[in-house]
Amino acid sequence: MKVLVTVKEVAELADDFEVEGTEVDDRYLEYDLNEWDDYAVEEGVQMNEEGIADEVVTVTIGPERSEETIRMALAKGADRSIRVWDESFEDVDLLDTEAKAEIFSAVVAEEEPDIVLTGVQAGDDAFGATGVALADAIDFEWAAVVNALDMDVDEGVAHVRRELEGGVEELTDVELPAVLTIQTGINEPRYASLRGIRQAQSKEIAPKTLADLGLDADTLESDLTLTDMYEPESESDAEIFEGDAGETAGKLAEVLREKGVAE
């Protein structure tokens with residue numbers, strides 16, 4: 001069984017940053033593996049360790065810079081990786097769900113995985129539709145927001161528990177091949193060991209262009225346009241009491257009495 005895991009490099013903002021037009025300058029950004037994808041990678045690696053999967057392959061849409069993040073997934077146990085990028089992406093402000101699904105569909109066609117694992121959402125843009133859109137594009141069965149997974153390889157079925165709204169959970173069977181979007185908490189992602197980090201340096205990261213996948217720049221065209229980016233204003237009613245412990249305790253007690261909380 002082959003497992004394909006989609007992995008995204010996400011940007012994390014520094015405490016102080018500036019917005020320039022419709023983007024934040026790179027000097028205010030740090031890059032890391034998307035939290036939800038970390039759980040998906042761990043689930044794939046555990047399937048490999050349990051003898052369920054023969055190979056775990058990750059796929060990333062990202063520039064050469066993202067290879068540092070990809071190596072993190074390899075160090076945790078993925079066998080090899082695919083990185084999709086070319087100059088066509090350089091002027092794209094917003095890579096939408098449809099474009100990602102089409103790109104990943106082309107990778108699925110080449111790799112022919114039995115199961116595709118994605119994170120439920122991305123930590124930067126908070127989009128949460130890529131996994132389901134991919135399943136629809138490749139006509140795989142799917143289950144979203146999976147927080148428990150048990151594979152029955154002989155039957156070709158994934159027994160999954162899904163997290164629904166209002167604290168409700170659903171138990172369901174999904175026939176393979178399938179796409180599952182993985183929720184945080186399904187496992188405990190491991191830290192990359194020193195041995196794993198060393199081994200990751202020799203594992204394959206195969207660069208792919210759109211042309212390599214039989215696609216072209218038209219794939220990246222979107223009906224969505226990023227028109228503005230700004231830091232929202234925030235208001236706070238917080239009151240800070242100054243003085244020693246006795247003085248601040250007295251002021252707090254007075255406020256509580258005014259609000260009818262204490263007598």
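Shown above is the structure to which this text applies.
Keep in mind that this is a model prediction, so the values were computed, not measured. (Residues numbered from 1 in each chain as written. Predicted model: local features only at pLDDT ≥ 70, side-chain atom pairs only at ≥ 80, totals over all residues. Heavy atoms only, no water.)

Caption draft 1: Just the sheet that holds strand S10 (residues 157-163), in detail. Strand order in the open sheet formed by nine strands is S11-S10-S9-S12-S8-S1-S6-S7-S13, and the pairing between neighbours is mixed. The sheet is open, and its two edges are formed by strand S11 (169-175) and strand S13 (205-208), each paired on a single side. Within this sheet the neighbouring strands show an average axis-to-axis angle of 35°, counted without direction. Two strands pair when backbone bridges link them, and strand S9 (residues 141-152) and S10 are joined in this way by six bridges, in the antiparallel orientation. Among the inter-strand pairings, Asp152 is bridged to a residue of S10, identified as Val157. Sheet strands in contact with helix H4 (residues 130-138) are strand S8 (115-119), S9 and strand S12 (178-182), and its direction is about 175° off that of S12. (Pairing = 2+ DSSP bridges. Helix = DSSP H or I, 4+ residues; strand = E, 2+ residues; numbered from the N terminus. Axes fitted to C-alpha atoms, helices over the stretch in contact; angles between N-to-C directions. Contact = heavy atoms within 4.5 Å.)

Caption draft 2: Focus on the environment of Gln201. With respect to the element layout, Gln201 can be found in the loop between helix H5 (194-200) and S13. Sequence spacing of Gln201 and Ala75 is 126 residues, and the spatial spacing of their C-alpha atoms is 8.3 Å.

Caption draft 3: Spotlight on helix H6 (residues 245-258). In this model H6 runs 20 Å from its N-terminal to its C-terminal C-alpha over 14 residues, within 8% of the 20 Å that 1.5 Å per residue would give. Its side-chain oxygen at 3.1 Å from the backbone nitrogen of Gly246, Asp244 defines the N-terminal cap of H6. (Expected span 1.5 Å × (residues − 1). Polar contact = N/O pair within 3.5 Å; in protein donor to acceptor, adjacent residues only side chain to side chain.)

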